[in-house]
Amino acid sequence: SEGSEPWTHAKVGEYITLVLEKFGQENLDRMRSEKGPIIVYFMHKFENRRTVLHIGLHGNEGHDVKGKDELVFQTGFVQFKARPVFSEVNANCDKHKVERFLHPGRFCAATVYGPSIFDPAPAIAFKPDGQIVGTGSVLSVDPDRIVLK
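A few points on the structure. Please read these numbers as outputs of a predicted model, since none were measured by experiment.

Glancing now at the nonpolar core. Core analysis: the biggest nonpolar cluster contains 19 residues, and Ile-55, Leu-57, Phe-73, Phe-80 and Phe-86 have the highest contact counts within it. Going through the elements one at a time, strand S1 (50-59), strand S3 (71-75), strand S4 (78-82), strand S8 (107-115), strand S9 (122-126) and strand S10 (132-141) are the ones with two or more residues in this core. Residues in contact with Ile-55, not counting those within four places in the same chain, are Phe-73, Thr-75, Phe-80, Cys-108, Ala-109, Ala-110, Val-112, Ala-123, Ser-137, Val-138 and Leu-139.

Attention shifts here to a positive patch on the surface. A cluster of basic side chains, namely Lys-66, Lys-68, Arg-100 and Lys-149, defines a positive patch on the protein surface. Residue position: Lys-66 is located in strand S2 (residues 65-66).

Attention shifts here to the pairing of S4. Note that S3 and S4 share five bridges and pair antiparallel. Within the sheet, the bridge partner assigned to Val-72 lies in S4 and is Lys-81. Counting the residues that bridge the hairpin from S3 to S4 gives two residues, and of these Gly-76 lies at a positive phi of roughly 65°.

Here we take up the sheet that holds S10. A sheet is described by the order of its strands in space; here nine strands give the open sequence S4-S3-S9-S10-S1-S8-S5-S6-S11, paired in mixed fashion. In the strand order of this sheet, the two ends are held by S4 and strand S11 (146-148), each with one partner. Geometrically, the sheet is characterised by an average inter-axis angle of 40° between neighbouring strands, direction not taken into account. The pairing of S3 with S9 spans four bridges and is antiparallel. The residue of S9 that forms the bridge with Thr-75 is Ala-123.

A few words now on the environment of Val-98. Within the fold, Val-98 resides in strand S6 (residues 95-99). As a C-alpha pair, Val-98 and Val-147 span 49 residues in sequence and 6.2 Å in three-dimensional space. Here Val-98 is in contact with Val-85, Phe-86, Ser-87, Val-147, Leu-148 and Lys-149, once residues within four sequence places are set aside.

The residue Thr-111 is located in strand S8 in this model. On the accessibility criterion, Thr-111 (15% relative accessible area) is buried. A distance of 3.0 Å separates a polar atom in the side chain of Thr-111 from a polar atom in the side chain of His-54. The contacts of Thr-111, once residues within four sequence positions are left out, are Val-52, Leu-53, His-54, Arg-83, Pro-84, Val-85, Ser-87, Arg-145 and Val-147.

Thresholds, definitions, all that
Residues numbered from 1 in each chain as written. Predicted model: local features only at pLDDT ≥ 70, side-chain atom pairs only at ≥ 80, totals over all residues. Heavy atoms only, no water. Core = buried A, V, L, I, M, F, W, Y, C linked by side-chain atoms within 4.5 Å. Buried < 20%, exposed > 50% of the residue type's maximum accessible area, 1.4 Å probe, protein only. Helix = DSSP H or I, 4+ residues; strand = E, 2+ residues; numbered from the N terminus. Contact = heavy atoms within 4.5 Å. Patch = residues over 30% accessible without salt bridge, like charges linked within 9 Å, V, L, I, M, F, W, Y side chains within 5 Å. Areas by Shrake-Rupley, 256 points an atom, 1.4 Å probe, with all protein chains shown as cover. Salt bridge = Lys/Arg side-chain N within 4 Å of Asp/Glu carboxyl O. Lys, Arg positive; Asp, Glu negative; His and termini not counted. Charge placed at Lys NZ, Arg CZ, Asp CG, Glu CD. Pairing = 2+ DSSP bridges. Axes fitted to C-alpha atoms, helices over the stretch in contact; angles between N-to-C directions. Polar contact = N/O pair within 3.5 Å; in protein donor to acceptor, adjacent residues only side chain to side chain.

These figures come from the coordinates and say nothing about function on their own.
Here you go:
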């Protein structure tokens, strides 16, 4: 939008012009040569904060992952490394039992300390070498969830 007021946000359905400064001609040429859309995203006000996340994961076949092993999580546009604690997902209780492994074919919650994310964001868990070990979504952002050993 135009005017002397500083820009704060775009209204739904409004077209905007994005001006990139100090972007570099080689980056622009690379973007033009690649097929597909250019995706621009911004973080919400509190997405730079960190909190306790509970990510529901369904283990992939052929990969047993031990609890507290380092994994790479991709949730929406955000990627981060964490060492999850796995636990049961039980809607009837407020206390959840720890599981030592993310077993193939089973569903469990991976509790990690990571960036604040709005649920239910899709999630993928990788080993550091790039193998996908589980897929699912963010269950909740809740530091009060009880995980018992």
